[in-house]
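# Understanding the architecture of this molecule
Chain residues, written in single-letter form:
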Amino acid sequence: MHIHLLPLWFFIIQIIPVLGFTDYLLKTCAQSGFCNRHRFYEANIKESKNRYYSVDKSSIEYYKEENTHKYVFKASIIKTIPRPDVNDIKVELPFTLSFFEDLTSLRFTIDEIRTNRLTELLPDFLNTYRYNETWKWAFDSEFNLYNSELTYKESNWLSNDIITIFNEDESLKVELYTNSFLLKVYYDNKLSIVINEEQLLNIEHLRSKEENFQQLLPEESSFNMFGDNFEYSKADSLRFGPESVGLDFSFIGYKNVFGIPEHADSLRLKDTSKTEPYRLFNVDVFEYNVDSKMPTYGTIPLMIAANPTSSIGVFWVNAADTWVDINYKEDKISSHWISENGIVDVVLLFSKSVAGITEQFTTLTGKPQLPLLSAIGYHQCRWNYNDEADVLNVDSEMDKAHIPYDFIWLDIEYADSRQYFTWKPNSFATPKKMLKKLENLGRQLVVLLDPHLKVDYFASDKCIENGVAINDKNNKPYIGHCWPGKAIWIDALNPLGKKIWDGLVTVFVDKVKNLHMWNDMNEPSIFDGPETTAPKDLIHFGGWEHRSVHNIYGLSVHESTYESLKSLKSDRDQRPFLLTRAYYAGSQRSAAVWTGDNVANWDYLRISIPMVLTNNIVGFPFIGADVAGFSGNPEPELLVRWYQAGIWYPFFRAHAHIDSKRREPYLFDEPIKSIVRDLIVLRYALLPTLYTSFYNSYISGSPIMKPMFYEKPEFEEFYDVDDQFYIGDSGLLTKPVVAPEQTTVDMKFAPGIYYDYFTLDHFVIKGNSVIEKTIETPLEKSAVFIEGGHILTRKDRYRRSSQLTKYDAYTLLISPNLNGFANGILYVDDGISFEYQNGQYVVSNFTFQDNKITNKVIHSPDELAYDGNMSISKIIIPIGSGKVKYSNVATVKMNSNKIVVNVSISDDKKSIIINNPSLSIDTDWELIL
Ligand SMILES: *[C@@H]1O[C@H](CO)[C@@H](O)[C@H](O)[C@H]1NC(C)=O
Ligand SMILES: *[C@@H]1O[C@H](CO)[C@@H](O)[C@H](O)[C@H]1NC(C)=O
Ligand SMILES: *[C@@H]1O[C@H](CO)[C@@H](O)[C@H](O)[C@H]1NC(C)=O
Ligand SMILES: *[C@@H]1O[C@H](CO)[C@@H](O)[C@H](O)[C@H]1NC(C)=O
């Protein structure tokens, strides 16, 4: 064991948190060896006519493994390094191409054959292959890995040798140009994407430092190939030398690209030709910069190109430090992907719509979980609630102020000396008693559980004894600094590590039903590590360097925690709730996430919206930003505006830094307190609608906070709008105020009729194009509309928690469009157990048409075990469309019965109301106005 000296910046961050993010801790592309080299190569190869990569045609093989149904096209790409006067150096790079059976997609990989001569010089504990297992973490274990049949043919066209490969139904055609590795992909006979069009393919093959000079291409630089001169990562041993991979993708005929979170930046990705590239590298970035391409906590390496009638996804299945350059051109968009190591493993997805990309991506990487109903309620968090009395006091103060909430949270200080799996003895002497008290009102508690374990206590001892800590470059347990001081890190990539973790979680939770987990700091964050994270030459299970697996580490930790909680099923038959900070593609299967350590100022409120939207379109919708900013003290106006936005985040949590003033909503002065309470109450009223959006997401991966272009792809005007959005398929449309003293907002509307959510006033947008309209937003009011054509379901009665709404009846809010039509789905289950997987749920389809409301039950089990209230106690129909004909009675037909119900007009004459129509959501019926 050795002692790490804490660098000066460690103290600066800890003591003066108000300074904002310290940029110099993170590399720029120019300071990153491999990023610098690929940009250098890009600049030079564009000028030169040299081509170093080609496909060896004699190596082509159509490989078919009957028993696994694997149909794979294989060939060798040859990298040729010209040598004057002597034989050229040839490097063999195995290439595979295949099509998944269940998707309109194509996958290709490029690996390297490494010579024994060089790998023998490396220590035995190192795995010397290129890491090729990222897909195992990213893909859903239930995904059908079968490949579909493919066909190929060779042809000569001009001087190029071209091989044409089709998928089974020939919706995809790939032309492989062998003379200079190039792929053209046609989707429905239209050229859609070209790979290596810019000739940026460059695979840095294994070589020794001594022979490096003969291994370089003329267009290459040797910057930092065998050593790192960046201030904080000079110790990196870079044992493999240069081993990065780079490749370009050109989206033909596209004008917009999205995705590749997480960045505090716009939804539509920006051109980077004159700026830093977007970096994908999970790091702890306290008070990260906004409007920036700097890396943050999570990575989903999916880029989506979208047009009104087609869409493409590029999924770069690599977990190493990655940079992406984007260049918008006249008739296409090129993107340049650069990763520090690993193989090239790419899945391309094709669809007519952007929704089709999200759907296929979540078929591949897993659908977002269906969370506990309570988990989509309001979460009250703070660093820290100090002791049991504090927790129970917050709990009762919320009730006194009539503010509903479901989850209360304990940050790091609940544990004894920050040793997770323990409780601080005096402050939390009787945690089970406290948990029981919370449970009585249906409330849940979350505690923080980080992957770093303080040295010299039972949990870390157990990890070391079992050899499941991450090792240092000499293969001994790595010791770094984090919250508890000196700590080790669990290696959750190790199956035994997961087992040890599972044992620790199980003992700690000890069958308590309402205890949940929060995996923070799992990038991992290491205070004395380079770029605030783990040294890249640490060693994981399997002999892999941390460099290869960095971006999946967080996923491995939270998935392990989730599986532990889920395995307690027999003792607590409920879905676990788990929050993670670090993430990767696939994290949506088991966790919620938040946008990390933001600040209580307007910039962070503004940027939270595109950040949340981006995650929503790449299959990870269960996300939110800390309301009303983690650090700092929000002024009352900002508080209100942040809650007005925050009630729409799929994950809705208030959180505050230890140095900020207490700001539980019952502490606010009037009228702020009432405004905020009414907002939280609104969130609760809409839980049935939101939960239905989560269900849709669980079925199809669809966004919950949904960008304008996603809902209305036909309007070009919406592709760069990222400050207003829809909620699922509900028709709810909002644009939060994100700047001070803004009593109006300008919103963009597609043609149709829109109802003000609060007043049910309406207006009509005529014509065929998007119109901008100014909406009044005094402090107490935000701009929330329902687009005509939708039916919302609510539970209007105030209750202290979501569980307590179980026996309340539903309200239907029917907002007809200009044709007098509206439709909406409602999903209902017990909100707690996994029984929905056994068909224990109800889906109703409400339609309003020709002055008739119908309910068609799409799904209902023979016997529903859930005994919640299924009745509808109120129907509201705004009449502004002029299409609603009504009298003072309506006829209900259900089974063979016919009854008459009263219809009344609201006091403000804007809607008709049917009270107690004796209808239920789980039977078919008709109500004729
Ligand atoms: C990963 O690489 C190893 C070593 O080259 C190889 O044996 C294995 O088949 C590869 N796995 C996949 C899925 O490509
Ligand atoms: C459902 O709600 C209605 C209306 O509030 C109420 O009359 C009825 O008793 C409730 N039913 C159940 C089973 O809770
Ligand atoms: C619900 O009903 C509408 C017609 O009112 C129909 O278009 C839609 O497909 C139905 N949805 C489902 C999921 O069955
Ligand atoms: C409907 O209205 C009539 C006349 O006002 C009244 O007598 C009756 O009680 C009402 N029915 C219900 C179910 O409220």
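Throughout this document, residue positions are counted from 1 along each chain, in the order its sequence is written. Starting at A for chains and at 1 for ligands, labels are handed out in the order in which the entities are written. Two thresholds apply to this predicted model, a pLDDT of at least 70 for residue-level local features and 80 or more for giving and counting side-chain atom pairs, whereas whole-chain, interface and lining totals are computed over all residues. Side-chain descriptors were evaluated using all non-hydrogen atoms of the structure, hydrogens and water having been removed beforehand.

With an unreviewed UniProt entry as reference, the protein chain is termed Glucosidase II subunit alpha, source organism Tetrapisispora phaffii. UniProt positions are given in the numbering used here, feature names are shortened, and annotations may be inferred rather than shown by experiment. Taken directly from UniProt, the Pathway (unreviewed entry) text for the protein chain runs: "Glycan metabolism; N-glycan metabolism." As recorded by UniProt, the Subcellular location (unreviewed entry) comment attached to the protein chain reads in full: "Endoplasmic reticulum".

Take the site of ligand 2 next. Summary of the distance rule: residues count as near a molecule or strand when at least one heavy atom falls within 4 Å of that molecule or strand. Residues in contact with ligand 2, as listed here, are Tyr807, Ala809, Asn869 and Ser871. Distance and chemistry together define a polar contact, namely a pair of N or O atoms within 3.5 Å, with one atom able to donate a hydrogen and the other to accept it when in protein, and with adjacent residues in sequence counting only for side-chain atoms on both sides. One of the side-chain nitrogen or oxygen atoms of Asn869 is found 2.2 Å away from an oxygen atom of ligand 2. The Shrake-Rupley method, run with a 1.4 Å probe sphere, supplies the accessible areas, and residue values consider only the shown protein chains as cover. Relative to its free-state accessible area of 360 Å², ligand 2 is covered by the protein chains to the extent of 38%. Along the lines of polarity and charge, the residues of the shell around ligand 2 split into 2 nonpolar, 2 polar and no charged. Ten residue types, Ala, Val, Leu, Ile, Met, Phe, Trp, Tyr, Cys and Pro, are classed as nonpolar, four, Asp, Glu, Lys and Arg, as charged, and the remainder, Gly among them, as polar.

The subject of this paragraph is the sheet that holds strand β2 (residues 70-81). Whether two strands pair comes down to DSSP finding at least two bridges between them. Segments assigned H or I by DSSP are reported as helices when at least four residues long, segments assigned E as strands when at least two residues long, and all are numbered from the N terminus. Across the sheet, which stays open at both edges, the 8 strands sit in the order β1-β2-β3-β4-β18-β15-β14-β12 with antiparallel pairing between neighbours. In the strand order of this sheet, the two ends are held by β1 (53-65) and β12 (257-259), each with one partner. On average, each strand axis in the sheet is tilted by 20° relative to the strand beside it, whichever way the strands run. The pairing of strand β4 (residues 105-110) with strand β18 (residues 344-351) spans 6 bridges and is classified as antiparallel. Bridged to Arg107 within β18 is Val347. To obtain an axis, a line is fitted to C-alpha atoms, over the contacting stretch when the element is a helix, and the angle between two such axes runs from 0 to 180 degrees between their N-to-C directions.

Here we come to the side chain of Arg279. For Arg279, the location among the structural elements is in strand β13 (residues 278-280). Take Arg279: its relative accessible area is 0%, and that puts it in the buried class. We call two residues in contact when some of their heavy atoms are within 4.5 Å. Residues contacting Arg279, with those up to four places away along its chain left out, are Leu26, Lys27, His263, Lys293, Met294, Pro295, Asp321, Thr322, Trp323, Glu531 and Lys536. Throughout this description, buried means an accessible area under 20% of the type-specific maximum (1.4 Å probe, protein chains only), exposed means over 50%, and partly exposed covers the range between.

Looking along the chain, the bond that leaves Val627 and enters Ala628 is cis, with omega of -5°. With respect to the helices and strands, the residue Ala628 is situated in the loop between β30 (623-624) and α13 (636-646). Residue Pro671 is reached from Glu670 by a cis peptide bond, and omega for that bond is 5°. Following the sequence through the fold, Pro671 ends up in the loop between β31 (652-654) and α14 (672-685). Its identity as a non-glycine residue notwithstanding, Asn196 has a phi of 70°, on the positive side. Secondary-structure assignment places Asn196 in the loop between β9 (190-195) and β10 (202-203). Of note, the phi angle at Asn895 is positive, near 50°, even though the residue is not glycine.

Surveying the vicinity of ligand 3 reveals the residues Asn823, Ile825, Asn845, Thr847 and Ile858. Within the side chain of Asn845, a nitrogen or oxygen atom sits 2.3 Å from an oxygen atom of ligand 3. One of the side-chain N or O atoms of Thr847 is found 2.6 Å from an oxygen atom in ligand 3. With the chains in place, 43% of the 360 Å² that ligand 3 exposes on its own is no longer accessible. Mapped by element, the contributors of at least two residues to the shell around ligand 3 are β42 (822-828) and β43 (842-849). In the shell around ligand 3, the residues fall into 2 nonpolar, 3 polar and no charged.

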